[in-house]
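Per-entry structural report
The residues making up each chain are set out below.
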Amino acid sequence: MIAAAVPLKALPHAKGRLSKRLDESARTNLVVSMLHRTLRALLHSGVVDTVALVTVERHLDLPAGIQRLPDSGGLNPSLVAAAAWATERGAAKLLILPADLPQISAESVRHIIRSHNDDLGVALARTQDGGTGALLLAPPDAIPPAFGPGSFARHEDLALARGIPVRRILDRAFTFDLDTSEDLAQWAGSL
């Protein structure tokens, strides 16, 4: 079984770096739109068995089949709890995807899952700013999530220090996240 977890910040705080270009309502709409794209990609991939949204937000309308997991006091502690949730459900793997991947598709989800067939290992994609655009853990607690600036190198180092094989994923769907005004302009230019 493969589980997926999508963390989402509280909407009033989401995409704060875009506040000079977008007001709070526009940022909220953008985040919710990208979140729904990510959730649809996971649900329609045909390779993910269960999906959870990790957030403090309680009022969001979610597609059928999406579970809610509470925020456990920050991004990484919440994802440690998501790994425990996945393990309790018997998942062999956990895919962690940020909600701000505007180019994600069901095919890109299938690509990362199919790229890693081992029982032990980590597959990850580096975002343009050195973050992690996708993190596949086998088993779900293979390494502790260490998201934040520079997280790609941290995730890779954590796996290698534990002797866990690492596979780098090069897929634009995971490497381009929408954080800055420059990202927004680049994304708008690609539409």
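The following refers to the structure shown.

Basis of the calculations
Residues numbered from 1 in each chain as written. Predicted model: local features only at pLDDT ≥ 70, side-chain atom pairs only at ≥ 80, totals over all residues. Heavy atoms only, no water. Helix = DSSP H or I, 4+ residues; strand = E, 2+ residues; numbered from the N terminus. Contact = heavy atoms within 4.5 Å. Buried < 20%, exposed > 50% of the residue type's maximum accessible area, 1.4 Å probe, protein only. Arc of directions from axis to C-beta. Polar contact = N/O pair within 3.5 Å; in protein donor to acceptor, adjacent residues only side chain to side chain.

1. A look at the side chain of Thr 55
You can see Thr 55 is positioned in strand β2 (residues 50-55). Once you skip the residues sitting within four places of it in the chain, Thr 55 turns out to touch Leu 8, Lys 9, Leu 69, Pro 70 and Asp 71.

2. Regarding the side chain of Ser 115
Mapped onto the elements, Ser 115 comes out in the loop between α3 (106-114) and β5 (121-126). Residues in contact with Ser 115, not counting those within four places in the same chain, are Ala 123, Arg 167 and Ile 169.

3. As for helix α4 (residues 151-161)
Regarding α4, the residues found buried are Ser 151, Phe 152, His 155, Glu 156 and Ala 159. Relative to the axis of α4, the buried residues are bounded by an arc of 135 degrees and lie together on one face. Opposite its buried face, α4 presents the exposed residues Leu 160 and Ala 161, each directed more than 90 degrees away. Here the buried face of α4 lies against β5, β6 (132-138) and β7 (166-168).

4. Details of the environment of Asp 129
The residue Asp 129 is located in the loop between β5 and β6 in this model. C-alpha of Asp 129 to C-alpha of Pro 149: the two residues are 20 residues apart in sequence and 7.9 Å apart in space. Polar contacts involving the side chain of Asp 129 include one to the side chain of Thr 127, which spans 2.5 Å. In terms of polar contacts, Asp 129 uses its side chain to reach the backbone amide nitrogen of Gly 131, at 3.2 Å.

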